[in-house]
Amino acid sequence: MEELGARERAVLAMERRGFAGPGAKERAIREQLGLAPVRYYQLLNALLDDPRALAHDPVTVPES
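An account of the accompanying structure is given in this report. (Residues numbered from 1 in each chain as written. Predicted model: local features only at pLDDT ≥ 70, side-chain atom pairs only at ≥ 80, totals over all residues. Heavy atoms only, no water.)

Considerations on the pattern of salt bridges
At step 1: Taken as a whole and assessed by the stated rule, the structure comprises four salt bridges.
At step 2: Across the pair K25 and E15 runs a salt bridge whose closest N-O atoms are separated by 2.8 Å. Of the two residues, K25 is situated in helix α2 (residues 24-33) and E15 in helix α1 (residues 6-16); the sequence distance between them amounts to ten residues.
At step 3: Assessed through its relative accessible area of 16%, K25 is described here as buried. (Salt bridge = Lys/Arg side-chain N within 4 Å of Asp/Glu carboxyl O. Helix = DSSP H or I, 4+ residues; strand = E, 2+ residues; numbered from the N terminus. Buried < 20%, exposed > 50% of the residue type's maximum accessible area, 1.4 Å probe, protein only.)

Structural data, given as structure tokens:
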């Protein structure tokens with residue numbers, strides 16, 4: 001099984017973080033990942049169905 005790429009790992013790491021205040025997460029997504037929030041959530045949703053993501057981060061990715 002292939003490992004997750006750097007961007008996929010970064011998306012999961014971002015999702016683990018806590019954010020204070022409205023808009024903080026979206027701002028961090030743009031600044032740190034260089035992604036629009038809509039694209040971030042598309043990638044995240046795809047990762048939630050990816051067994052590699054579950055193996056990499058079982059706390060963030062729920063088992064389906």
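Looking at the nonpolar core
At step 1: V11, L12, L35, Y40, L47 and A53 are the most contacted members of the largest nonpolar core, which has 13 residues in total.
At step 2: If you list the elements that add at least two residues to this core, you get α1, α2 and α3 (37-48).
At step 3: It is α3 that provides the largest number of residues to this core, a total of four residues.
At step 4: With sequence-adjacent residues up to four places away left out, Y40 is seen in contact with V11, M14, E15, K25, I29, L33 and L35. (Core = buried A, V, L, I, M, F, W, Y, C linked by side-chain atoms within 4.5 Å. Contact = heavy atoms within 4.5 Å.)

Some words on α3
At step 1: With twelve residues, α3 should reach 16 Å at 1.5 Å per residue; the first-to-last C-alpha distance of 16 Å fits that figure.
At step 2: Every buried residue belonging to α3 is among P37, Y40, L43, L44 and L47, and all of these are buried. Around the axis of α3, the buried residues are gathered within 120° of arc, so they sit on the same side.
At step 3: Of the surrounding elements, those touching the buried residues of α3 are α1, α2 and α4 (51-56). (Expected span 1.5 Å × (residues − 1). Arc of directions from axis to C-beta.)

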